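As a plain string of letters, each chain reads:
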Amino acid sequence: MLNRVKLHFLALSVFGESSRHLATVLLSVLVIFILSSVLFISSSIKYTVTTALENEADMTVQRVRGGMLAQVPLSWEKDIVNIRGIDSVSPRVWGRYFTKPKGKSFLIIGVDFLDSNANKALSKIVGSTDLKKFLNAHNMLVSAKVKSWMKKRFYTDSYSFLSADGEFIKMNIYATLPKNSDLLSNDVIIMPIDDARKILGIKEGYVTDFVLNVPNDAQKVFIEDKLSSLHFDIRVVSKKESLAAYDESFNFRNGFFLTLFMILLATFSLILYQRYTQSYSTQKRQIGIYRALGWSIKDILTLKFYEIVVIILGSYVTGVGLAYIFVYIANAPVLRDIFLGSGNFSPDVVLIPVIDFSALSSIFLLYAIPFVASVLIPVWKIAVSDPKEAML
Amino acid sequence: MNPILLNTQVQIYLFGESILYIFMIMAFIISLHILLKWDFDSFSDEQYRLERRSYLVITILLFVFAVKFMLLPYFVFTIDSLNTLVPGAMCAAGVISANSYGLELLFVKLFVVFILSWWLMINYYDLQAKNYPFFKIKYGLYIAVFVLITLELWLDFAYFGNIDIHQPVSCCSALFGQLEGANPLPFGLDTKTMLILFYSIFVTLAILILTKQDITALIFSGLFLYISYYSVVYFFGTYVYELPTHKCPFCMFQKEYHYIGYLIWGSLFGGVFLTADSILCKKVLNVDTSKSKIYGLLLITVFVFTVSAVVLIYRFQNGTWL
C-alpha cells in the first residue's frame, strides 16, 4: 500500500515532472469537457421537459381518420365520463396557425373561461389577469417571443388572424404570458374558445381532443384499454407514451453524438498509447535505477497505477468543472442549439443545473476505461524492463 | 436501429464491456501460453519472459475486475433508467424481464463477480509467497472466468439488442406481488417463520465464522443469501417502500428511495461473496484467510443492521407495523 515514501515519490513523479503530463492532461480535459457539456445540456433539458410533462394530464383522447387527427365530437365526453376511475375530463380546442403557408406558426389554445377546471389551470399561469375584462372583447394572451415577433411587424396591440372561413378576425394583445416554462410555451397564444374555433376552423360541437386524469396508477393500463374500445376511430395517448417519445428523441441525439464521440475516443486512445510508449522509453533509466535499488515489478506497477489515477481524477474534476461553468453559468452558447433547434420561435431556455449520478458516472466510465486501456501495455512494458538493459 | 441501443447508458455500458473483452482475449492467449510452457525450476530466457508476461495478465485482470465492479451497479442503474422506454415497466424488474436473456445475464454477472473476486484473492496469496505456489490454480481459474465472460458478453448484446419497445412487459407488482393467494416463499414458510429463520441463520453464521467451522459456514452463507433474498423482497422491501403490497427487489435502486438498494444488495452480496471466497481460498490453498472472513462478516452485519433499521425507523415514525 501507499506509505509516506511512496507518496513522496508519487508527488515527485506527478508534479515534479509536470511538463511530461501536461499534454495528456490538457487533451483529457478537452475530451471530458466536450463530453460532459453535451451530457449536461441533454440531462438539463430532459429534466425541464419531464417536469413540465409531470403537470400535464394523464391521457389525451384523439380521433384518427385516415391516419390523421380529426375533430372530436363533444358527445364523446359523456362516454368518457361514464368510465369509472376517470377524473376531470376536459375538452380542448387548439391548433397551429401559420402566418403564411411555410412561415412561422403559433400554437393557439382556446380556453373555455366558464369551465372551472380550465379556469383554475389558467389562473395559475396568468394570476393577475382580470378575466372579466379579458372576456369582454376579442383578447388574447401571447408568449414573449410571439409578442416581439408581432411587434417587429408593427402589430403592437392587436393581430389580425385569417380564419378558416377566409375572414379576418382582429384580436387584441391583452398581456404577455409569464416566462416560467419557456421550453414548451414559446409559441403559445391563449384566447377564448369561440375565437379559437373560428380561427382554427373547428365546428361548433367539436373539439381538438379531450384530456383526462386517472388518479390510481394501477388502473391506467386498464382504463386505456377501455377508452380505446369506446369508438373505432379513437386514439388514446398516455403521459408515459409522450415521456417515452421525448426520451427516444433525446436518446437519438445523444446516441448519435456518442457514436461520433467514440471515433474521437479511438484517436485519443491512440495518441495516449503513442505518448506513453515514448515518454516511458525516455524514463527507462529512471525505472532501471528503481529496480536496481530493490523495487519489485509490483512496486513500480503500483507507483505508475497511482500516477495514472491522479491524472485521471485530476482531469476528470477539471473537465467536469469547466463544463459546469460553460453549461450552467455561461448557458452553453452554440452547443445548446444542437438540442433545441432554432426553427420556429427558438426558446430562450435557461439551463437548470441538473447534476445526476447518471451523467457523472457515464462521463467517468467513458473516459477512464479507454484511458487505462490505452496506457496499460506501455506501463507494463516499462515496469518489467530489465534493470541491466535499462541502465545501458 | 433498436432505440435501446441508442440510449447513452446502454452505449457506454456495452462499449466498456467490449473493451474489457478485448483485454480478456489478450490475457487468455497469454495465460494459455504460460500454462503450457511454465516451469518454475527452469532458468531459461523463455521462463523469464513468461514471468514478466504473467505480470501483464495480473495487471489486465486487476483492471478488468476494477471496471467490472463499477459496471455492475452501472448495469442496474442502466436497466432502471430504461423503464421510460419500455411500455408497462415501472422499474428495472420489468425491463429485465423484457426478454428471456435478462435474468440469465444478471445471474451470470453476479457469478462472474464472485469468481473474479475469488481469483483476486488467490492472486494476492500467490504474490505474497515467493515461489508462486498457486500458479496453476490461478491460471486454470482464469480460463474458466474467460469462458463465463464470453457468455456474459454474448448475453449483454443479446439482451439489449432484443428488447422490444413496443411489447408491453409486466411491472414489478405483477411479477412479485399479485400471486392470487399463492405463497411465494420457499418451503411453504410464512413471513414470521421466515424472519425467525433469517435472524437465526445470521447469528449461526456469525458464530460459525468466529469459531472457524469453515464447511458449515460456507453452507450457511449460501443459505443466508437465499433466505435474505426472500426476506428483502417480501418483508424488508415493503418497509422501504412503506407499502405492504409493494414487493420488488429493484425499485429500491431508485431515487425515490434514496438509492438504498445499492447499500442493501451491495452489502449482502459483498459480504457473502467475501466470506465464501475466503473459505474457498482457505480450503483450496490452505492459507490463513481469517481476516477477510471477518470483513465479510462485517459487511453481512451491515446488511442485517440496514434492513432492520429500515423497519425500526418506520415503526418509530409511524407508530405501527405494516
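If you're wondering where the values come from, they're calculated on a predicted model, not measured in any experiment.

What counts, and at which threshold
Residues numbered from 1 in each chain as written. Chains lettered and ligands numbered in written order. Predicted model: local features only at pLDDT ≥ 70, side-chain atom pairs only at ≥ 80, totals over all residues. Heavy atoms only, no water. Domains from an automatic or database assignment. Buried area = accessible area lost by both parts, 1.4 Å probe. Salt bridge = Lys/Arg side-chain N within 4 Å of Asp/Glu carboxyl O. Polar contact = N/O pair within 3.5 Å; in protein donor to acceptor, adjacent residues only side chain to side chain. Helix = DSSP H or I, 4+ residues; strand = E, 2+ residues; numbered from the N terminus. Nonpolar A, V, L, I, M, F, W, Y, C, P; charged D, E, K, R; others polar. Buried < 20%, exposed > 50% of the residue type's maximum accessible area, 1.4 Å probe, protein only. Pairing = 2+ DSSP bridges. Axes fitted to C-alpha atoms, helices over the stretch in contact; angles between N-to-C directions. Parallel < 35°, antiparallel > 145°, perpendicular 65-115°, else oblique. Left-handed = near helix turned anticlockwise from the far one by under 90°. Contact = heavy atoms within 4.5 Å. Phe/Tyr/Trp six-rings, centres within 6.5 Å; stacked < 30°, edge-to-face > 60°. Lys NZ or Arg CZ within 6 Å of the ring centre and 35° of its normal.

*Asks:* What's the story with the domain arrangement of chain B in this structure? I'm lost.
*Replies:* Often, the extent of an interface is quoted as the loss of accessible area on bringing the components together. All names here are of chain B. Parsing chain B into structural domains produces domain 1 (3–161) and domain 2 (175–318). Averaged C-alpha coordinates put domain 1 and domain 2 at centres separated by 25 Å. Contact between domain 1 and domain 2 buries roughly 1,900 Å² in total, counting both sides, with carbon and sulfur atoms accounting for 80%. On the domain 1 side of the interface with domain 2, the three residues burying the most area are F114, W118 and M121, jointly 29% of the side's total. Linking domain 1 with domain 2 are 0 salt bridges. Here domain 1 is connected to domain 2 by 4 residue pairs in polar contact (both at pLDDT 80 or more). When contributions to the side of domain 1 that touches domain 2 are tallied by element, the ones reaching two or more residues are α2 (45–81), α3 (92–96) and α4 (101–128). With 9 residues, the top contributor of residues to the side of domain 1 that touches domain 2 is α4. Looking at the side of domain 1 that touches domain 2 residue by residue, the classes come out as 18 nonpolar, 4 polar and 1 charged.

*Asks:* Help me out: how do you make sense of the pairing of strand β5 (residues 105–111) of chain A in this one?
*Replies:* Along a regular strand, successive side chains alternate from one face of the sheet to the other. Residues and elements named next belong to chain A. Most of β5 sits inside the fold, with 6 of its 7 residues counted as buried. In this sheet, β5 lies alongside strand β4 (residues 87–98) in antiparallel orientation, the contact comprising 6 bridges. Looking across to β5, one finds that V93 is bridged to G110. Between the end of β4 and the start of β5, which pair antiparallel, lie 6 residues.

*Asks:* I would appreciate a short explanation of the packing of α4(B) against helix α9 (residues 260–285) of chain B in the present structure.
*Replies:* Angle between the axes and distance between the axes: these two values describe a pair of packed helices. All names here are of chain B. As a packed pair, α4 and α9 sit with axes 9 Å apart at the nearest point and diverge in direction by 45°. As summarised for this structure, α4 and α9 are arranged oblique, according to the angle between their axes. The interaxial crossing formed by α4 with α9 has right-handed handedness. Residues L110, V113, F114, S117, W118, M121 and I122 of α4 lie in contact with α9, whose contacting residues are F269, F273, L274, A276, D277, S278, L280, C281, V284 and L285.

*Asks:* Before we go on, may I ask you to explain the packing of aromatic side chains in this structure?
*Replies:* Each aromatic ring pair is summarised here by two numbers: the centre-to-centre distance and the angle between the ring planes. Throughout the structure, instances matching the rule amount to 53 aromatic pairs over all chains. With 5.7 Å between their ring centres and 25° between their planes, F40(A) and Y328(A) make a pair best called stacked. Linking F40(A) in helix α2 (residues 18–54) with Y328(A) in helix α11 (residues 297–329), this pair joins segments that are 288 residues apart in sequence. Both residues of the pair, F40(A) and Y328(A), count as buried. Relative to Y230(B), the ring of Y229(B) lies with its centre 5.1 Å away and its plane at 80°, an arrangement referred to as edge-to-face. We classify Y230(B) as buried; its relative accessible area is 17%. Every member of this aromatic cluster is reached through a ring pair, and the members are F111(B), F114(B), Y226(B), Y229(B), Y230(B), Y234(B), W265(B), F269(B) and F273(B). Above the plane of the ring of Y206(A) lies K203(A), whose end atom (NZ or CZ) is 4.9 Å from the centre. Sitting above the plane of the F75(B) ring, K109(B) keeps its charged end 5.1 Å from the centroid.

*Asks:* Hey, could you run me through the interface of chain B and chain A in this one?
*Replies:* Tallying the contact residues gives 34 residues for chain B and 34 residues for chain A. Between chain B and chain A, a total of about 3,100 Å² is buried, with carbon and sulfur atoms accounting for 74% of that surface. Ranking the residues of chain B by area buried against chain A places F15(B), R52(B) and Y55(B) at the top, with a combined share of 17%. Linking chain B with chain A are 0 salt bridges, by the criterion used here. Counting the contacts that link chain B with chain A gives 8 residue pairs in polar contact (both at pLDDT 80 or more). When residues of the side of chain B that touches chain A are traced back to their parent elements, those giving at least two are α1 (8–37) and α2 of chain B. Tallying contributions element by element places α2(B) first for the side of chain B that touches chain A, with 13 residues. The residue makeup of the side of chain B that touches chain A, split by class, is 23 nonpolar, 9 polar and 2 charged.

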